[in-house]
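Listed here are the chains, written in short residue letters.
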Amino acid sequence: MNNIPHKGKVYLVGAGPGDPNLITLRGKFLLERAEVVVYDYLANKKLLQHVPAAAELVYVGKKGGGLHAASQEEINQLLVDYGLAGKRVVRLKGGDPFIFGRGGEEIEELVKAGIDFEVVPGVTSATAAATYAGIPITHRNCTASVAFVTGHEAAGKEQSDVAWDKLATGAGTLVIYMGIKNLPNISKKLIDNGRSPDTPVAVVRWASTPQQRSVVGTLATISEVVQAAKIAPPALIIVGEVVKLRESIDWFEHRPLFGRRIIVTRTREQASELVSRLEEYGAECLEYPTIHIEPVEDFSVLDQALAELGSYDWILLTSLNAVSYFFKRLHEKGLDSRALAGCKIGVVGAATADELARHGIRADLIPAKFTGEGLALALIEAGGVQGKRFLLPRALKAAETLPELLEQAGAGVTIAPVYQNVPPQGRKDELRAELGSGTVDLITFTSSSTVTNFLAMLDVKDADELRALLGRTQIAAIGPVTAETAREHGLTVTVQPERHTIAALAEAVVAHCRRS
Ligand code: SAH
């Protein structure tokens, strides 16, 4: 699986500016094979989802001027130690590792210690901030040069390493990293050295993320603008005529759901279609799966049936989970697909049939209508249900239509629970904190069980507590049944599409946010 020959190697990987989709393919490839990941404050935590579960995660976050989780010397030593221990280490750094990231120093230490290394570039925050603020960093009509500068050292230093006098008029566009605290000083130096006080300036915070904020002014006014808007690091300062182009090019912050925070509750089956649709419109989605699938504790009914499989005529599988948990137990009992040779197998639909095919078995019956009822009617129509025995491995709680219809037609049905849906544990405090912060605009529900399981996760004692916790947070429901369940639990539904699909729900959310 690894395809990487070397052990004891450190990969310095650029994480990109913030949006986790802006990492390189090479960076993702290495994260997927890492044994240790040493990561920063600026590297998006979502990138850690690529890392194997067994890998060791080491946070060495540094906030500019604030908390230092680890000193640079400690980080260097850490990388050397892991390298010497023979580990495959990914050192994940915000933006590009060699642009104001002290990546050079880390590599020098590895070289000294004789440790193998590789450096993977990243999208640096300067280009991302410009792009996502609608500013082409160069433009034929405005500028032919751009300079990346650190604003960090401008403050007290008598002898600055930055030649502000030459930079002031020497480069068309200036992009200044780490300069927010020194902004008054920086603007003054640029003006004093001949740059026009009217030069347009943009400041972009948390570029390329749902938290992005940008403001514009001129060299003369930008300090006040930033102060009034309370813009704190991390932010970049972009100086030059190109900033004017933003008026017509700004796109990222204009997406219809930009700045909206939406809780998406979902079941496992729905994957994250809704999340990707809402994110395309610029929303920040907080995902709360409301269903967790587990095997049942008691397999006695199935075990008994497996011991006397010869007496069954049919096995009916009505979900992907039923197929996987049924076969898991079969294998645990030392059996395989051959044990089912004497039974016919019916499935509920094409996806279940595909899952069954992965176990080397072709379904004997797939109904035209992909429901439990459809399966029952297809069996009855085909004749030969009367007096036959059916084994139904399924969820602990499930609709009873299929077994009832078969029994009415004279069949014997054995219901063998193999899996159960349980509300996920452990995210109650996090969820309450999110809602309590008053920054969640909307919660989406796509089925009645997402409503009930979500409220179970939230664990409120009554409707008053629920209302207090929700505050101004709005509720969206995919259709009338889901909406009704929400209302029964004291929620007010304000968004509901006419068609009951995920796509229509996303569009209804957009329409709602455009109105409000
Ligand atoms: N190696 C990084 C820069 C590290 S220096 C890179 O290539 O981007 C840290 C500074 O980068 C911050 O103080 C800020 O000025 C800038 N920065 C990093 N990420 C940023 C972001 N998402 N938005 C705005 N500025 C950012």
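Residues numbered from 1 in each chain as written. Predicted model: local features only at pLDDT ≥ 70, side-chain atom pairs only at ≥ 80, totals over all residues. Heavy atoms only, no water.

### Side note on the sheet that holds strand E3 (residues 56-59)
Read across the sheet, five strands follow the order E3-E2-E4-E1-E5 without closing on themselves; strand pairing throughout is parallel. Two strands close off the open sheet at either side, each with one partner strand: E3 and strand E5 (116-120). With strand direction ignored, the average angle separating the axes of adjacent strands in the sheet is 15 degrees. Bridge count between strand E2 (residues 36-39) and strand E4 (residues 88-93): four bridges; the pairing is parallel. Along E4, the bridge assignment pairs Tyr-39 with Leu-92. (Pairing = 2+ DSSP bridges. Helix = DSSP H or I, 4+ residues; strand = E, 2+ residues; numbered from the N terminus. Axes fitted to C-alpha atoms, helices over the stretch in contact; angles between N-to-C directions.)

### Details of the site of the ligand
Taken together, 17 residues lie near the ligand, and Ile-99, Thr-124, Ser-125, Ala-207 and Ala-235 sit nearest. The separation between a nitrogen atom of the ligand and a polar main-chain atom of Ile-99 is 2.7 Å. Between the ligand and the protein, one listed contact pairs an oxygen atom with a backbone N or O atom of Ala-235 at 2.7 Å. Residues that form the shell around the ligand fall into these classes: 12 nonpolar, four polar and one charged. (Near = heavy atom within 4 Å. Polar contact = N/O pair within 3.5 Å; in protein donor to acceptor, adjacent residues only side chain to side chain. Nonpolar A, V, L, I, M, F, W, Y, C, P; charged D, E, K, R; others polar.)

### Considering the packing of helix H2 (residues 72-84) against helix H3 (residues 103-112)
With their axes 9 Å apart at the nearest point, H2 and H3 run at an angle of 45 degrees to one another. Here H2 is positioned oblique relative to H3, judged by the angle of their axes. Relative to H3, the crossing made by H2 is right-handed. Taking contact as the criterion, the partners of Gln-72, Ile-75, Asn-76, Leu-79 and Val-80 in H2 are, on H3, Glu-105, Glu-106, Glu-109 and Leu-110. (Parallel < 35°, antiparallel > 145°, perpendicular 65-115°, else oblique. Left-handed = near helix turned anticlockwise from the far one by under 90°. Contact = heavy atoms within 4.5 Å.)

### Remarks on the domain arrangement of the chain
Assigned domains within the chain: domain 1 (9-123), domain 2 (127-253), domain 3 (261-291 + 424-515) and domain 4 (313-327 + 335-421). For domain 2 and domain 3, the distance between their C-alpha centres works out to 39 Å. (Domains from an automatic or database assignment.)

### Some remarks on the pattern of salt bridges
Here the structure, examined in full by the defined rule, presents 31 salt bridges. Between Glu-32 and Lys-28 there is a salt bridge; the shortest N-O distance is 3.2 Å. Between Glu-430 and Arg-427 there is a salt bridge; the shortest N-O distance is 3.0 Å. Taking relative accessible area as the criterion, Arg-427 reaches 27% and is therefore assigned partly exposed. A single salt-bridge network, built from bridges that share partners, covers Asp-303, Lys-328, Arg-329, Glu-332 and Lys-333. (Salt bridge = Lys/Arg side-chain N within 4 Å of Asp/Glu carboxyl O. Buried < 20%, exposed > 50% of the residue type's maximum accessible area, 1.4 Å probe, protein only.)

### Observations regarding helix H15 (residues 428-436)
Restricting attention to buried positions, one finds in H15 the residues Leu-431, Glu-434 and Leu-435. Buried positions in H15, seen along its axis, are confined to an arc of 95 degrees and lie on one side of it. Facing away from the buried side of H15, by more than 90 degrees, are the exposed residues Asp-429 and Gly-436. Against the buried residues of H15 lie strand E11 (261-266), strand E12 (284-289), strand E18 (442-445), helix H16 (448-458) and helix H17 (463-470). (Arc of directions from axis to C-beta.)

### A short note on the packing of aromatic side chains
Counted according to the given criterion, the structure contains 12 aromatic pairs. Judged by centre distance (5.5 Å) and plane angle (80 degrees), the ring pair of Trp-251 and Phe-252 falls under edge-to-face. Here the aromatic cluster, defined as three or more aromatic residues joined through ring pairs, consists of Tyr-132, Trp-251, Phe-252 and Phe-258. Arg-389 extends its terminal NZ or CZ atom over the ring of Tyr-312, reaching a point 4.3 Å from the ring centre. (Phe/Tyr/Trp six-rings, centres within 6.5 Å; stacked < 30°, edge-to-face > 60°. Lys NZ or Arg CZ within 6 Å of the ring centre and 35° of its normal.)

### Re the sheet that holds strand E13 (residues 292-295)
Strand order in the open sheet formed by five strands is E13-E17-E16-E14-E15, and the pairing between neighbours is mixed. Every other strand in the sheet has two partners, leaving E13 and strand E15 (344-347) as the edge strands with one partner each. On average, each strand axis in the sheet is inclined to that of its neighbour by 25 degrees, with strand direction left out of account.

### A look at unusual backbone geometry
Of all residues except glycine, most have a negative phi; of all peptide bonds, most are trans. Omega for the bond connecting Pro-233 with Pro-234 falls within 30 degrees of zero, at 0 degrees, which places this linkage in the cis form. Counting through the fold element by element, Pro-234 comes out in the loop between helix H7 (222-228) and strand E10 (235-239). Of note, Met-178 is a non-glycine position whose phi angle comes to about 55 degrees, a positive value. Despite not being glycine, Asp-459 shows a phi value in the positive range, around 55 degrees. Here Asp-459 is to be found in the loop between H16 and H17. A relative accessible area of 43% places Asp-459 in the partly exposed class.

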